[in-house]
Every structure is written in C-alpha cells, then in structure tokens.
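# A look at the structure
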Amino acid sequence: MSIQVAALTKIYGQQKAVNAISFEAGTGVLGFLGPNGAGKSTTMKMLTCYLPPSEGTATVAGFDIGTHPLEVKRSIGYLPESNPLYTDMYVKEALGFVAGIHHIHEPEKRIAEVIEQTGLGPEQHKKIGQLSKGYRQRVGLAQAILHDPQVLILDEPTSGLDPNQLVGIRQLISDLGKTKTVILSTHIMQEVEAVCNNVIIINKGNIVANDTLAGLRNKNGDASLESIFIKLTNA
C-alpha cells in the first residue's frame, strides 16, 4: 500500500481535529469526503508533512512522515485547496522553476508532456496572473504531477472549472489513478462517483465510512452517495 495511516491524531488546544484515524490506500483514486471542518485538510497536511501529527503514524510510499519527511515530499504531488501560485511568472516559466526544484531529467520534454496532459497549451505563454481560475487550477495540477510522483493528494482540484473543463480534468485524474495512488478531496458527489474506486467519509475528526462505492450503496439500501453522506455526517 502506498499510504498507511495508523491512529493518526491532531490536537489544537482542547480540540481533536483528527481523532486516531486509520486507513490504507493503494493504486487508484480514493475519495476523501467530509463536511467543512471535519478534518480532511488537516489529515492531508499531515500526510504531506506540512503539519506534524500529535499522535499516531503514517507512511507514504514506504517512508514515515515523522522520520523521513523529505523522502515523503519527494514521493507526493500536492494540490492544496488554496493553490498558491507565482502569479508574476509565465506558465512555462513556473513549470520550469518547479522542474528545477525536482531536478527533473529532460525538463523541457516533461514540461511539454504535462502541458498537453492538463490542457494548458493555449495558455502556456501567458502570465499566471492573467489566467482564469479554471486555468490556474490546471497550473496547480501540472505542478503537482510534474515530477511523476507515486502519490497525488488533490484538495478540491476542480474548483472553479466549467462543465467542459471538468470532463477533461476528471478524465486526467482517472488516468492518473491507473498507476498512482490518488487521494481526492471534494464536495462534488458526482465527481466521486465518476472517478473514485473507494471512499472514506470523515466527520468531526472520525472516519464514519471506509468502503468501495458499491459496498457503501449495498450497506445503505442502494441510496445515492449524497444521501449516504448526509446521513453519516448529520449524526
């Protein structure tokens, strides 16, 4: 398994933002769902070594997040919800900068591949600050996959995309899930049904569901994912 999480906990003051959660994720797309404030982003920040856990352990691509954070970071592509970008840089310039950080072999070739993958061709010679929100999301995704990581963690990756753009990015995420471990956090249930193999639902820092889509439906009278989500997170 590319990701193994055991009793992972994060405490802020008196509040347990994440409460001793455990799960595994292998090749494929894992939908990581929950209402706002449930602990999704905190969990992803711990897995990417952005935040240290209060308790528990996790390994990513075989590396412990506590003892080998640099190796974990090299193995992960991360698109945070805020999608911080250098808006004064041109698209190709920004990707070249990221390629340099990762010491990518034949960077121009790899940048061209990723630009084609993410549909950035028409915008590649523009400054990032001139791009629409949808195209900025594509730049963030391009940066996340540029070094061909084993694990991808995507926090609301389709935010701001129009329906036509959604189709392309969802297809890209599906394709990436054929060879990589992808954790996809989103509030869009149709997106989960379109691209995810397995689903975890977290509520108030606790995992309340961890199953395949089919398994979740079977256990809940063949209800829609949206109905299941509402039932489990309103408890």
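Residues numbered from 1 in each chain as written. Predicted model: local features only at pLDDT ≥ 70, side-chain atom pairs only at ≥ 80, totals over all residues. Heavy atoms only, no water.

Under an unreviewed UniProt entry, the name given to the protein chain is ATP-binding cassette domain-containing protein, and the organism recorded is Mucilaginibacter conchicola.

Glancing now at the sheet that holds strand β9 (residues 198-203). Reading across the sheet, the six strands line up as β6-β7-β8-β3-β9-β10 and stay open at both edges, with mixed pairing between neighbours. Each edge of the open sheet carries a strand with a single partner, namely β6 (76-79) and β10 (206-212). Looking at each pair of strands side by side, their axes are set apart by 15 degrees on average, direction ignored. Across six bridges, the pairing between β9 and β10 is antiparallel. The partner of Asn 198 across the bridge, within β10, is Thr 212. Along the sheet, helix α6 (residues 163-176) makes contact with β3 (28-33), β7 (151-155) and β8 (181-185), crossing β8 at roughly 145 degrees. (Pairing = 2+ DSSP bridges. Helix = DSSP H or I, 4+ residues; strand = E, 2+ residues; numbered from the N terminus. Axes fitted to C-alpha atoms, helices over the stretch in contact; angles between N-to-C directions. Contact = heavy atoms within 4.5 Å.)

Here the focus is the UniProt feature "domain: ABC transporter" (unreviewed entry) in the protein chain. The feature "domain: ABC transporter" (unreviewed entry), as annotated in UniProt, sits at residues 3-229 in this numbering. The span residues 3-229 shows a helical share of 37% and a strand share of 27%, and its end C-alpha atoms are spaced 24 Å apart. (UniProt positions renumbered as here; feature names shortened; annotations may be inferred.)

On to the pattern of salt bridges. Per the counting criterion, the structure on display carries seven salt bridges. A salt bridge links Lys 219 to Asp 211, with the shortest nitrogen-to-oxygen separation between them at 2.7 Å. Given a relative accessible area of 64%, Lys 219 falls into the exposed group. Asp 211 gets classed as buried once you look at its relative accessible area, which sits at 16%. (Salt bridge = Lys/Arg side-chain N within 4 Å of Asp/Glu carboxyl O. Buried < 20%, exposed > 50% of the residue type's maximum accessible area, 1.4 Å probe, protein only.)

A few words on the packing of aromatic side chains. Pairs of aromatic rings are described using the distance from one ring centre to the other and the angle between the two planes. As enumerated under the stated definition, the model contains two aromatic pairs in all. Ring centres 6.0 Å apart and planes at 35 degrees place the aromatic pair Phe 23 and Phe 32 in the tilted group. Considered together, Phe 23 and Phe 32 belong to a single accessibility category, that of buried residues. Judged by centre distance (5.7 Å) and plane angle (90 degrees), the ring pair of Tyr 86 and Phe 97 falls under edge-to-face. With Tyr 86 in the loop between β6 and α3 (91-101) and Phe 97 in helix α3, this residue pair connects regions lying eleven residues apart in the sequence. By relative accessible area, Tyr 86 is classed as exposed at 51%. (Phe/Tyr/Trp six-rings, centres within 6.5 Å; stacked < 30°, edge-to-face > 60°.)

A few words on the side chain of Thr 42. With respect to the element layout, Thr 42 can be found in helix α1 (residues 40-47). Ignoring any residue separated from it by four or fewer positions in sequence, one finds Thr 42 in contact with Lys 10, Tyr 12, Ala 17, Val 18 and Leu 51.

The element β8 is extensively covered by neighbouring structure, given that five of its five residues are classed as buried. Neither face of β8 is left uncovered, since the one carrying Thr 181, Ile 183 and Ser 185 and the one carrying Val 182 and Leu 184 both have all their residues buried. Sheet analysis places β3 next to β8, joined by five bridges and oriented parallel. By the bridge assignment for β8, Phe 32 is matched with Ser 185.

What follows deals with the environment of Gly 34. Within the fold, Gly 34 resides in the loop between β3 and α1. When the C-alpha positions of Gly 34 and Thr 186 are compared, they lie 8.3 Å apart, and in sequence the two are 152 residues distant. Setting aside its immediate chain neighbours within four residues, Gly 34 contacts Lys 40, His 187, Ile 202 and Phe 229.

Residues Leu 33, Leu 154 and Ile 173 are the most contacted members of the largest nonpolar core, which totals 47 residues. The element that contributes the greatest number of residues to this core is helix α5 (residues 133-145), accounting for six residues. Membership of the second largest hydrophobic core comes to 26 residues, among which are Ile 3, Leu 8, Phe 32 and Val 151. (Core = buried A, V, L, I, M, F, W, Y, C linked by side-chain atoms within 4.5 Å.)

Take helix α9 (residues 225-233) next. Leu 225, Ile 228, Phe 229, Leu 232 and Thr 233 are the residues of α9 that are buried. One side of α9 holds all its buried residues, which, seen down the axis, span an arc of 110 degrees. Elements that come into contact with the buried residues of α9 comprise β3, α7 (189-195), β9, β10 and α8 (213-219). (Arc of directions from axis to C-beta.)

On to the packing of α5 against α6. The N-to-C vectors of α5 and α6 enclose an angle of 10 degrees; their axes lie 12 Å apart at closest approach. The angle between α5 and α6 places the two elements in the roughly parallel class. Remark: the crossing between α5 and α6 carries left-handed chirality. Contacts from Gly 134, Tyr 135, Arg 138, Leu 141 and Ile 145 in α5 reach Gln 165, Ile 169, Leu 172 and Leu 176 in α6. Considering only residue class, the contact of α5 with α6 consists of six nonpolar, two polar and one charged. (Parallel < 35°, antiparallel > 145°, perpendicular 65-115°, else oblique. Left-handed = near helix turned anticlockwise from the far one by under 90°. Nonpolar A, V, L, I, M, F, W, Y, C, P; charged D, E, K, R; others polar.)

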